[in-house]
Amino acid sequence: MFRLKNMRKSTKSNLVTFGIVIGFYIVIQILSALGLLTSSLSGQLVPICSYVILAVSLNLTVGILGELSLGHAGFMSVGAFSGTIVWTTLYGQVPNWLGLLLSFVVGGVVAGLFGFIVGVPVLRLSGDYLAIVTLAFGEIIKNVMNACYLGYDSTGLHLSFKDAASMNMDPTGTMIINGAMGITGIKKASTFTIGIVLVILTLLVILNLINSRAGRAIESIRDNEIAARSVGINITKYKLMAFITSAVFAGIAGVLYSLNYSSLVAKKFDYNTSILILVFVVLGGIGNIRGSVIAAALLTVLPELLRAVNDYRMLIYAIVLIVVMIFSQSPQVVAWRKRILDGIRSRMKPGPKAKEVQ
Amino acid sequence: MALLEVSNLGIAFGGLQAVAQLDLKIEKGHLYGLIGPNGAGKTTVFNMLTGVYTPTEGNIVLDGKDITGKSPDLISKAGVARTFQNIRLFNDMSVLDNVKVALHNQIRYSMWTGILRLPAYREKEHEMDREALRLLKIFDLDKEASLKASQLPYGKQRKLEIARALATNPKLLLLDEPAAGMNPNETAELMNTVRSVRDQFGIAILLIEHDMNFVMGICEEITVLDYGRVIAHGDGKSIRNNPKVIAAYLGGD
Ligand SMILES: Nc1ncnc2c1ncn2[C@@H]1O[C@H](COP(=O)(O)OP(=O)(O)OP(=O)(O)O)[C@@H](O)[C@H]1O
Ligand SMILES: [Mg+2]
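Predicted model, so just to flag it, every value in this text is computed and none were measured.

### Some points on the overall build of chain B
No. 1: Per the secondary structure count, chain B includes 10 helices and 10 strands.
No. 2: Computed over the C-alpha atoms, the radius of gyration of chain B is 19 Å, within 12% of the 18 Å expected from 2.2 N^0.38 for a compact globule of 253 residues.
No. 3: Counting only C-alpha atoms and orienting by the principal axes, one finds that chain B spans roughly 60 × 40 × 35 Å.
No. 4: Every one of the 253 residues in chain B was classed for burial, and the buried ones make up 55%.
No. 5: A separation of at least 24 residues holds for 67% of the contacts in chain B among residues at least 6 apart in sequence.
No. 6: For chain B, the centre of its 29 positive side-chain charges and the centre of its 30 negative side-chain charges are spaced 4 Å apart.

Listed below in structure tokens is the structure:
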């Protein structure tokens, strides 16, 4: 009895989340067919998908594992650059679908590798070191990519972190990354449909992970590390699993984002972007995956809708953030909200005690 | 050979020798008590036995295997489970999931089986649900399975900790003040439960408890610690009448 009910509850909740994503896709398709989609909104569709993936994946680290990460944009960056390099170098050599697939795979794998490199030394320690290290990681990646010159000619690959001249490249060679100017002349490949497919893939993997043996182990570490170890959980393993999965999807989101534009610059993936993604997670509710989806989508279009008051955008963000934090964190408000919700529920369902007696 | 053999175990925190020269021998299926005044070092002994603290001297052998200084998760796998004096549940997880987490090394499937929802996923999850509910039922917690652990009243939280510890399929169960905060009725009920757990699972139980009726009522053998050292050892009767023990407790107050 109990089991069936419980299973249905989590499955139902996941289905609602997928329903929202698919519903959003259908609505946009209809609006688009009717010609009702403004160009500014249609330009936001791929970034929305990208930010949804970023928020959902960061929530795995912040909400499910319970570790603060301030460098999600860094993983987005390494994914974007590696994936875009694959896309531009393979362009015209292999079928587009294959090139695209490979660029997403490479972007995800490279970001995951960086997740491993950052995570291994930090996650073995208990304590809040991850926040500091990921913050530094994001800044280092930004500065390194900003100063990175990469190209190839008949003699092979050339790399420099000083300037284009010190690459010693033949003038007829091809520039891949041109320092602060980044990668230019990218053939735009991301579409809303690809974005939605990736959002669904991300949700499938992360929701299924959460509702599994491994996911429970990850949540138990969040709730009580000492108790988790005492029941036989290898906490380093599961911390790494969560953190690397989170990084992989940030990388995929980076590729999706990058291939939506003709150029890619490292400056885009800075501290502000990491904080913005964290804001989505906090506003949507820490540990609440569906909340991340909605918050990321709404807050990505919000600035577009608030164009007129653009100067106050960050101010509005800050106010909304504070209000929502009070709404979701303060014990008094949580208790008050619960009373109201319970009141509504008991009015809708007769015999609220039935469940407990059973 | 006894199930647990502890010899010359000691630990110092800076200048403070919290436990010194501790010898313990616990046979399979025995109910064993560890008592002593506040600050005597009882919890510290549990922390060494479960790998939370690394002893500065001595060794711990479980079932012929040296587990001294091993990490807590390896010691759990070796067969030692525990509860905590200050309850440590997974508060934001359901009562059922608290037990399912502890089945981690008993019923296993890979991360990919979970992510891809392979057929083994359903099968193993059902097996876990069944097993977790069976354990919860022993402690009369099956009705609360879908509540969050933090929503349980205090006494039931203590019981959930025991159910969770049992889920790891231990050979030795360590209970740190299981009756703390319980009323006399709950305490009496817990005594029966602890006894029947020992009989049903055939495991050894080492428990710390300040409630003397509890300890004398169910433990076959008792060790008394004071200032980190053993001052007495024997059955309930000999402990009760031991002048050193009486002095330690009176002095402690
Ligand atoms: N991590 C630690 N660092 C420093 N001192 C510690 C540490 N853990 C325990 N101690 C000290 O070791 C001594 C024994 O503590 P312990 O918690 O084992 O006592 P106890 O017998 O369990 O007492 P109680 O009955 O109050 O629970 C105390 O003086 C305590 O302050
Ligand atoms: Mg203690």
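### Things to note about a nonpolar patch on the surface
No. 1: A cluster of nonpolar side chains, Ile22, Ile26, Ile30, Leu34 and Leu36 of chain A, forms an exposed patch at the surface whose accessible area comes to about 480 Å².
No. 2: Turning to its location among the elements, Leu36 of chain A is positioned in the loop between α1 (2-33) and α2 (39-42).

### Quick notes on the coordination of the magnesium ion (ligand 2)
Residue and element names in this part refer to chain B.
No. 1: Bound to the magnesium ion (ligand 2) on the protein side are Thr43 (OG1) and Gln85 (OE1), at distances that span 1.9 to 2.1 Å. Here the residue Thr43 occupies a position in helix α1 (residues 42-49), and Gln85 occupies one in the loop between β6 (80-82) and α3 (95-102), the gap between them amounting to 42 residues.
No. 2: The partly exposed category is assigned to Gln85, whose relative accessible area is 29%.

### Concerning the site of ligand 1
All names here are of chain B.
No. 1: Every one of the 14 residues lining ligand 1 counts as a neighbour, but Gly39, Lys42, Thr43, Thr44 and Gln85 are closest to it.
No. 2: The contact in question runs from an oxygen atom of ligand 1 to an N or O atom on the side chain of Thr44, over 2.5 Å.
No. 3: At 2.8 Å, a side-chain N or O of Gln85 approaches an oxygen atom of ligand 1.
No. 4: Elements that contribute at least two residues to the shell around ligand 1 include exactly β2 (16-26) and α1.
No. 5: Ranked by the residues each element gives to the shell around ligand 1, the list is headed by α1, at 3 residues.
No. 6: When grouped by side-chain class, the residues that make up the shell around ligand 1 number 5 nonpolar, 7 polar and 2 charged.

### Details of the packing of aromatic side chains
Residues and elements named next belong to chain A.
No. 1: A full pass over the atoms with the stated rule returns 12 aromatic pairs over all chains.
No. 2: For the pair Tyr25 and Phe192, a centre-to-centre distance of 5.3 Å together with 35° between the ring planes defines the contact as tilted. Placement of the pair is Tyr25 in helix α1 and Phe192 in helix α7 (residues 192-210), with a sequence separation of 167 residues.
No. 3: Residue Tyr25 is classed as partly exposed on the basis of its relative accessible area of 21%.
No. 4: For Phe192, a relative accessible area of 9% translates into the label buried.
No. 5: Considering the side-chain rings of Tyr51 and Tyr257, the 6.1 Å spacing of their centres and the 70° angle between planes classify their relative orientation as edge-to-face. Taken together, the residues Tyr51 in helix α3 (residues 45-65) and Tyr257 in helix α10 (residues 235-258) connect sequence positions 206 residues apart.

### Re the pairing of β2 of chain B
All names here are of chain B.
No. 1: Two elements, strand β1 (residues 4-13) and β2, share 7 bridges in a ladder whose sense is antiparallel. Residue Glu5 lies in a different strand from β2, and its bridge partner there is Lys25.
No. 2: Between the antiparallel neighbours β1 and β2 lie 2 residues, among them Gly14 with a positive phi of about 60°.

### Re the sheet that holds β1 of chain B
Residues and elements named next belong to chain B.
No. 1: Taken in spatial order, the 4 strands line up as β2-β1-β4-β5 in an open sheet, and their pairing is antiparallel. Each edge of the open sheet carries a strand with a single partner, namely β2 and β5 (65-66).
No. 2: Pairing of β1 with strand β4 (residues 57-62) involves 5 bridges; the strand directions are antiparallel. Counterpart to Val6 in the pairing with β4 is Ile60.
No. 3: Packed on one face of the sheet, α1 meets β1, β2 and β4 and runs near 115° to β1.

### Concerning the pattern of salt bridges
No. 1: Under the criterion given, the structure shown has 17 salt bridges over all chains.
No. 2: Here Arg216 of chain A and Glu125 of chain B are joined by a salt bridge, their closest N and O atoms 2.9 Å apart. Of this pair, Arg216 of chain A sits in helix α8 (residues 213-223) while Glu125 of chain B is found in helix α5 (residues 119-138), placing the two residues in two different chains.
No. 3: In this structure Arg216 of chain A comes out as buried when scored by relative accessible area, which is 5%.
No. 4: Glu125 of chain B sits in the buried class, given a relative accessible area of 3%.
No. 5: Put simply, Lys148 of chain B and Asp92 of chain B hold a salt bridge, and the shortest N to O gap is 3.7 Å. Residue Lys148 of chain B is located in the loop between α5 and α6 (154-167), and its partner Asp92 of chain B is located in the loop between β6 and α3; the two are separated by 56 residues in the primary sequence.
No. 6: Taken together, the shared-partner salt bridges in this structure form one network comprising Arg216 of chain A together with Lys100, Glu125 and Asp129 of chain B.

Thresholds, definitions, all that
- Residues numbered from 1 in each chain as written.
- Chains lettered and ligands numbered in written order.
- Predicted model: local features only at pLDDT ≥ 70, side-chain atom pairs only at ≥ 80, totals over all residues.
- Heavy atoms only, no water.
- Helix = DSSP H or I, 4+ residues; strand = E, 2+ residues; numbered from the N terminus.
- Rg over C-alpha atoms; globule rule 2.2 N^0.38 Å.
- Buried < 20%, exposed > 50% of the residue type's maximum accessible area, 1.4 Å probe, protein only.
- Contact = heavy atoms within 4.5 Å.
- Lys, Arg positive; Asp, Glu negative; His and termini not counted.
- Charge placed at Lys NZ, Arg CZ, Asp CG, Glu CD.
- Patch = residues over 30% accessible without salt bridge, like charges linked within 9 Å, V, L, I, M, F, W, Y side chains within 5 Å.
- Areas by Shrake-Rupley, 256 points an atom, 1.4 Å probe, with all protein chains shown as cover.
- Salt bridge = Lys/Arg side-chain N within 4 Å of Asp/Glu carboxyl O.
- Donors = N, O, S within 2.8 Å, 3.2 Å for Na, K, Ca; no water.
- Near = heavy atom within 4 Å.
- Polar contact = N/O pair within 3.5 Å; in protein donor to acceptor, adjacent residues only side chain to side chain.
- Nonpolar A, V, L, I, M, F, W, Y, C, P; charged D, E, K, R; others polar.
- Phe/Tyr/Trp six-rings, centres within 6.5 Å; stacked < 30°, edge-to-face > 60°.
- Pairing = 2+ DSSP bridges.
- Axes fitted to C-alpha atoms, helices over the stretch in contact; angles between N-to-C directions.

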